[in-house]
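# Breakdown of the fold
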Amino acid sequence: MPTVALIRPLYEGDESEFQEPLGIERLAGFLKANTDEEVRLFDRRLYQQERLFGLADENSFSFWDDFTRAFPVTAPPDIIGLSVMTAEDVPDSLRLISRLKTFYPRAHFIVGGLFVTTALDSAQRRFPAEVQLVSCEGEIPLLETFRAVMAEGVVKTPRFESEKCDAERFDARSLPDKSDSPKDIHLTPDGWAIASRPDLERYLALGCAISLQSSRGCHGSCSFCATPKLPSPYRRWQGRSLPLVVDEIALLSAHAAESGLLPIFNFVDDDFGPLSRIEALDLELKRRGLRIAYALQLRAADLLEQDRLPERLAELRKGGFTRVFLGVESLCPQTLEDWNKSYATDKLPEVFSALKKAGISAHIGYILWHSGTSVEDARIEAKRLWEMGLYCPKVAESRMVLFPGSRLHERGLAAKQVSHAACWEPMSAESERFYQQLSNKLRPVYDAWKEGAVLSPWLAAQAHLTGERTLIEALDAVLAECDRISYRSFVHDEFPQDLHRIAAKLSQRITQIRQTALPMRNRPSKQSADNPSANRPASRSSRRREQ
Ligand code: SF4
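Residues numbered from 1 in each chain as written. Predicted model: local features only at pLDDT ≥ 70, side-chain atom pairs only at ≥ 80, totals over all residues. Heavy atoms only, no water.

The next point concerns the pairing of strand β10 (residues 264-267). Burial along β10 is two-sided: the residues Ile264 and Asn266 and Phe265 and Phe267 are all buried. Where strand β7 (residues 210-212) lies against β10, three bridges are found, and the strand directions are parallel. Paired with isoleucine 210 across the two strands is phenylalanine 265, which belongs to β10. Of the pairings in the sheet, the one linking β10 to strand β11 (residues 293-299) comprises three bridges and is parallel in character. Its bridge partner being in β11, isoleucine 264 is matched across the sheet by alanine 293. Crossover connection from β10 via helix α11 (residues 275-287) to parallel β11: handedness right-handed. (Buried < 20%, exposed > 50% of the residue type's maximum accessible area, 1.4 Å probe, protein only. Helix = DSSP H or I, 4+ residues; strand = E, 2+ residues; numbered from the N terminus. Pairing = 2+ DSSP bridges. Right-handed = clockwise from strand over helix to strand, strands pointing away.)

This is how it looks when you write it as structure tokens:
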């Protein structure tokens, strides 16, 4: 049987939120369900995060240790897949491919992910010609590649393999033999396999929630977003049946309980769907007696003009709905219309007041700086957000990015204003100057806030599940201080003289809260593996061999 390794490369941008690599975990689950073959997963960012937070040191196994122990040159992998989500993943991917080729010259390389899907031209230029590129979801192309290797020992694939995305439904287990396997098939969300998560405990030890996907596509069509320009089956909103979603939650909750960890979930869907779908999830969780905490993302329009919104949200909160991310994006009706995202912004205060009353923490996506923003407008909008309790340091930083695959990026390309890569939308000289200065000055506060904001969903969920509110209240107080400093500086020009010192203290406080909330679980060291008699836990790699 061919052997497969799937890798998430390092991200060389500003890492804002570290999550499980659900893409490669789902691919591994799918391949396993259809071939009974084990797929090895390697997350370069996980090793990096463990070092960053002191859960690993120079004596711990590195990515290269683990990879070469799993695949010695005498037993190389047949297929090496990389998940490349953004342009910032490309440099590490290229270095990896080059280095891995010297170890494993006969391995077949396959690269997929959002970057290939939305910026194919760029991917074709940047990756070596012999690397197979896959757009959209990668389950079927990976399975076909696997079967080609199994049948012939080599892969003769086209440079670029896209799916025509015509078929409406596909049951993974009924995949026809390779000889008559069609290329134009894709999975529906109900055909997704349960993700394989061999390293779940490592992510949870870092304070990650368990990532889940319950739908794909979106009901919206915003001009700054790449989702509406995806091929048709991926653009259109399609939900996974909630009983299947809850089956996976039940499995993962049991797994977390065995490891003494909390069942905290985060739905990564672009658009979870209407309020009634959250209520259906809540009912199914209650019916099965599952006590979890979860966060999800909605379009702001999903909560507008709902009957009995405060009562319904309060009921959901009791069932574990602790946090929502809402794509508000702008309070200006004209700007929203320009972005093809019109909705009744005047109703937002009612929505946020109902969320607050229910105890659901709300975070928003907002694009303050764009081609139409003047400094005065930006301050007025920031003031309105502050009055609604929605201002945070991220607002001052938030600027329109023209993503490849979006209509705004296409427009910029046609006007020869932008290149093929993602970039900021150009602004007037005055706004550009002000933005750069503001961003530089407030950077220490933003960095401190970001550390706390990443921890906040986990602590809110923990408070729900344990009733222990001390840490979340302490963190909320630090974050509120970050908000206040950023707001006063930006809108009222009141920069504290010792801003660096204040930000360092806030950051220190957040680190203390983090260390109290997430007691260190160090990764085993190389010495413990080399010396079996040492009175230490066995290495992860050796545990894997024993299993
Ligand atoms: S920005 Fe959000 S709401 Fe708009 S199209 Fe993209 S995913 Fe949908």
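As a further point, take the packing of helix α10 (residues 242-258) against α11. Running from N to C, α10 and α11 point in directions that differ by 50 degrees, and their axes come no closer than 10 Å. When the axes of α10 and α11 are compared, the pair comes out oblique. As α10 packs across α11, the resulting crossing turns out to be right-handed. Listed contacts from α11 to Leu242, Pro243, Val246 and Ile249 of α10 are Arg277, Ala280, Leu281, Glu284 and Leu285. (Axes fitted to C-alpha atoms, helices over the stretch in contact; angles between N-to-C directions. Parallel < 35°, antiparallel > 145°, perpendicular 65-115°, else oblique. Left-handed = near helix turned anticlockwise from the far one by under 90°. Contact = heavy atoms within 4.5 Å.)

Glancing now at the side chain of glutamate 20. One can find glutamate 20 in the loop between β1 (4-8) and α1 (22-35). Residue glutamate 20 is classed as buried on the basis of its relative accessible area, which comes to 4%. Here the side chain of glutamate 20 touches arginine 197 through a polar contact of 2.9 Å, side chain to side chain. Not counting the four nearest positions on each side in its chain, glutamate 20 is found in contact with Arg8, Glu25, Arg197, Leu200, Tyr203, Ala209, Ile210 and Ser211. (Polar contact = N/O pair within 3.5 Å; in protein donor to acceptor, adjacent residues only side chain to side chain.)

With that out of the way, let us pick up the packing of aromatic side chains. Scanning the entire structure with this criterion turns up 24 aromatic pairs. Ring geometry for phenylalanine 67 against phenylalanine 71: centres 5.3 Å apart, planes inclined by 50 degrees, an arrangement best described as tilted. Here phenylalanine 71 falls in the buried class, since its relative accessible area comes to 5%. Aromatic ring contacts, followed pair by pair, group Phe42, Tyr47, Phe63, Trp64, Phe67, Phe71, Phe103 and Tyr104 into a single cluster. Taking the ring centre of phenylalanine 272 as reference, the NZ or CZ of arginine 277 above it sits at 4.7 Å. (Phe/Tyr/Trp six-rings, centres within 6.5 Å; stacked < 30°, edge-to-face > 60°. Lys NZ or Arg CZ within 6 Å of the ring centre and 35° of its normal.)

Here we take up helix α4 (residues 90-103). Residues three or four positions apart in an α-helix share a direction because the helix packs 3.6 residues into each turn. The terminal C-alpha atoms of α4 lie 20 Å apart, and with 14 residues this matches the ideal 20 Å at 1.5 Å per residue to within 8%. The complete set of buried residues in α4 reads Val90, Asp92, Ser93, Leu96, Ile97 and Leu100. Each buried residue of α4 sits inside an arc of 150 degrees when the element is viewed along its axis, so together they form one side. (Expected span 1.5 Å × (residues − 1). Arc of directions from axis to C-beta.)

This paragraph deals with the confidence of the model for the chain. Reading fine detail from the predicted coordinates is not recommended where pLDDT is low. This prediction gives the chain a mean pLDDT of 87; 88% of its residues lie at or above 70. Taken together, the stretch residues 162-184 has pLDDT below 50 and engages in 53 contacts with residues farther than four places along the chain or on a different chain. Contacts of residues 529-547 to residues separated by more than four positions or lying in other chains number 28 contacts, the stretch itself having pLDDT below 50. (pLDDT = per-residue confidence, 0-100.)

A few words now on the sheet that holds strand β13 (residues 361-366). Taking strand neighbours across the sheet as the criterion, the five strands line up as β7-β10-β11-β12-β13 in an open arrangement whose pairing is parallel. Every interior strand has two partners, whereas the edge strands, β7 and β13, have only one. Averaged over all adjacent pairs, the angle separating strand axes in this sheet is 20 degrees, with direction ignored. α10 contacts β7 and β10 of the sheet and is inclined by roughly 145 degrees relative to β10.

With their axes 10 Å apart at the nearest point, helix α19 (residues 470-492) and helix α20 (residues 499-517) run at an angle of 160 degrees to one another. It follows that α19 is roughly antiparallel to α20 by the angle criterion. Handedness of the α19/α20 crossing: left-handed. Contacts between α19 and α20 involve Leu471, Ala474, Leu475, Val478, Glu481, Cys482, Ile485 and Ser489 on the former and, on the latter, Leu499, Ile502, Leu506, Arg509, Ile510, Ile513, Thr516 and Ala517.

With that settled, consider the nonpolar core. Buried together is how nonpolar side chains tend to be arranged in soluble globular proteins. Counting residues in each nonpolar core, the largest one holds 99 residues, and the members touching the most others are Ile249, Tyr294, Val328 and Phe490. No other element matches helix α18 (residues 429-466), which puts 16 residues into this core. If we ignore the near neighbours within four places in the chain, the residues touching valine 328 are Ala300, Leu336, Lys341, Tyr343, Leu348, Phe352, Ile364, Gly365 and Tyr366. Counting residues in each nonpolar core, the second largest holds 27 residues, with Ala5, Ile7, Phe109 and Phe115 among its members. (Core = buried A, V, L, I, M, F, W, Y, C linked by side-chain atoms within 4.5 Å.)

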